Amino acid sequence: MRLGINTFLFTSPFTNESTKLFPTFKKWGFDTVEIPVEDPSHIDPAHVKAELDKNGLVCGSVCACMGPDRDLRGTPEQQQTGLAYMTTLLDQMVTLECPSLIGPVYSAVGRADAVPPEEYEQQWQTVVGHLKTLCQRAEQKQRQVCLEPLNRFETDFINTCDQGLKMIKDVGSRAMKLHLDTFHMNIEEKDQATAIRKAGRVLGHFHACGSDRGTPGNDHIDWQPIAAALKGIGYQGDVVIESFTTDVKVIARAAAIWRRIEPTRDEIATKGIKFLRGILPRKGKPARPAKRAQAKPAKSRKKATAKKRR
């Protein structure tokens, strides 16, 4: 597993200028960077890729930022705007050599309304159709789209692993994967490890967030079963710290961060990666078994004893 950092912790929007963060991310030990592209015009993908290369990093994921005007179950205009936006992101991801488009790719974040079952089903079928179109494009470009269930306060549409898996089944594309997040699962799942095992090989992306959106490991989540479940399903994707602070005002308001959760945002990154490195097997770096002192063969022990007597 590679360890990554979402840039929302430090800046919004991410622009070409934001690549100045890369040397720090590298120094802290991150393998990948997750870039929320709020508007495709904000970046030159070739420039960002060059800066990643310069610092020995990769863009492991691009996060779809689904505002009110981007909603695959919204008005016809919102649907087309959302689909066109994510299609453009897939194009940029080719240049970035980024494998995964992640996030709530189905609806605007913050849309949470009780609707009759008939209306919900109609919305579901509308989203299925649009995601089929998006995933066809992703297949052509050899990318994957990782759908993230959000908690009930951020969406009424897909909250759980089970709902995400149903959507993936209905879309029926090999490019469609599941994206799980410990913050959202802490609210919506009965047991996070069970949800991970249920996702199995369909799990394409993973966010490691504290229960309060702070540092993973500095919270009440039971992380050992989560780590064991990821190992058990053979997960080889990225594990990304996605936390928010009051330092980035726009994102703080969007994510309802009203107080300072940790002393500094740097600590969320540095202490978070240290914690995750301690509990997760790293890609290409399996945990080494503890060395045991080996007893010398009897013959060798006799020689050593005779030598000592002389």
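J.: Kindly report on the overall build of the protein chain, identifying the contributing residues and their values.
T.: Assigned secondary structure in the protein chain consists of 11 helices and 8 strands. Among the 310 residues that make up the protein chain, the fraction classed as buried is 52%. Of the contacts made within the protein chain by residues no fewer than 6 positions apart, 79% connect residues no fewer than 24 positions apart. One way to put it: in the protein chain the 47 positive side-chain charges average out to a point 19 Å from where the 36 negative ones average out.

J.: Run through the environment of Ser61, naming residues and quoting values.
T.: On the secondary structure map, Ser61 appears in strand S3 (residues 58-64). Using a relative accessible area of 1% as the deciding quantity, one classes Ser61 as buried. Distance in space between the C-alpha atoms of Ser61 and Asn6 is 8.9 Å, their sequence separation being 55 residues. What Ser61 contacts, discounting residues up to four positions off in sequence, is Val33, Glu34, Ile35, Cys98, Ser100, Ile102, His205 and Val240. A polar contact is formed between the side chain of Ser61 and the side chain of Glu34, at a distance of 2.7 Å.

J.: Tell me about the packing of aromatic side chains, and name the residues and values.
T.: Two aromatic rings, taken as a pair, are described by how far apart their centres are and by the angle between their planes. Tallying each qualifying case throughout the model produces 9 aromatic pairs. Measuring from centroid to centroid gives 5.3 Å for Tyr120 and Phe157, while their planes differ by 45°, and the two rings are tilted. Linking Tyr120 in helix H4 (residues 117-140) with Phe157 in the loop between strand S5 (144-147) and helix H5 (161-171), this pair joins segments that are 37 residues apart in sequence. Residue Tyr120 is classed as partly exposed on the basis of its relative accessible area of 22%. With a relative accessible area of 0%, Phe157 lands in the buried category. Judged by centre distance (5.5 Å) and plane angle (45°), the rings of Trp124 and Phe157 are tilted. Of the two residues, Trp124 sits in helix H4 while Phe157 sits in the loop between S5 and H5, which places them 33 residues apart along the sequence. Residue Trp124 is classed as buried on the basis of its relative accessible area, which comes to 3%.

J.: How would you explain unusual backbone geometry if you had to name every residue and give the values?
T.: The omega torsion across Ser12 and Pro13 is 0°, close enough to zero to call that bond cis. Relative to the helices and strands, Pro13 is located in the loop between strand S1 (2-6) and helix H1 (22-28). Even without a glycine there, the phi angle at Glu97 is positive, about 55°. Within the secondary structure, Glu97 sits in the loop between helix H3 (76-96) and strand S4 (100-103). A positive phi angle is found at Gln142, which is not glycine, with a value near 55°. Inspection of the secondary structure assignment puts Gln142 in the loop between H4 and S5. A relative accessible area of 69% means that Gln142 is categorised as exposed.

J.: How would you explain the side chain of Arg213 if you had to name every residue and give the values?
T.: Here Arg213 is to be found in the loop between strand S7 (203-208) and helix H8 (223-232). The exposure class of Arg213 is buried, given its relative accessible area of 5%. At 3.2 Å, the side chain of Arg213 forms a polar contact with the side chain of Glu242. Once residues within four sequence positions are removed from consideration, Arg213 is found in contact with Glu154, Asp181, Phe183, His184, Glu242, Ser243, Phe244, Ile257 and Ile261.

J.: Talk me through the packing of H4 against H5; I want residue IDs and the actual numbers.
T.: Direction vectors running N to C along H4 and H5 enclose 60°, while the axes themselves pass 9 Å from each other. As summarised for this structure, H4 and H5 are arranged oblique, according to the angle between their axes. Both H4 and H5 take part in a crossing whose hand is right-handed. Seen from H4, the contacting residues are Tyr120, Trp124, Val127, Val128, Leu131, Lys132 and Cys135; seen from H5, they are Gln163, Lys166, Met167, Asp170 and Val171. Looking at side-chain class alone, the contact of H4 with H5 contains 8 nonpolar, 1 polar and 3 charged residues.

J.: How would you explain the environment of Gly110 if you had to name every residue and give the values?
T.: Note on placement: Gly110 falls in the loop between S4 and H4. Expressed as a C-alpha distance, the spacing of Gly110 and Met185, which sit 75 residues apart in the sequence, is 17 Å.

J.: How would you summarise the sheet that holds S5 if you had to cite specific residues and measurements?
T.: Sheet architecture is closed into a barrel: 8 strands sit in the order S1-S2-S3-S4-S5-S6-S7-S8, paired in parallel fashion. Pairwise comparison of adjacent strand axes, ignoring direction, gives a mean angle of 30° for this sheet. H4 rests against S4, S5 and strand S6 (176-181) of the sheet, and its axis sits at about 140° to S5. Packing of helix H7 (residues 192-199) onto the sheet brings it into contact with S6 and S7, and relative to S6 it is tilted by some 170°.

Criteria and cut-off values
Residues numbered from 1 in each chain as written. Predicted model: local features only at pLDDT ≥ 70, side-chain atom pairs only at ≥ 80, totals over all residues. Heavy atoms only, no water. Helix = DSSP H or I, 4+ residues; strand = E, 2+ residues; numbered from the N terminus. Buried < 20%, exposed > 50% of the residue type's maximum accessible area, 1.4 Å probe, protein only. Contact = heavy atoms within 4.5 Å. Lys, Arg positive; Asp, Glu negative; His and termini not counted. Charge placed at Lys NZ, Arg CZ, Asp CG, Glu CD. Polar contact = N/O pair within 3.5 Å; in protein donor to acceptor, adjacent residues only side chain to side chain. Phe/Tyr/Trp six-rings, centres within 6.5 Å; stacked < 30°, edge-to-face > 60°. Axes fitted to C-alpha atoms, helices over the stretch in contact; angles between N-to-C directions. Parallel < 35°, antiparallel > 145°, perpendicular 65-115°, else oblique. Left-handed = near helix turned anticlockwise from the far one by under 90°. Nonpolar A, V, L, I, M, F, W, Y, C, P; charged D, E, K, R; others polar. Pairing = 2+ DSSP bridges.

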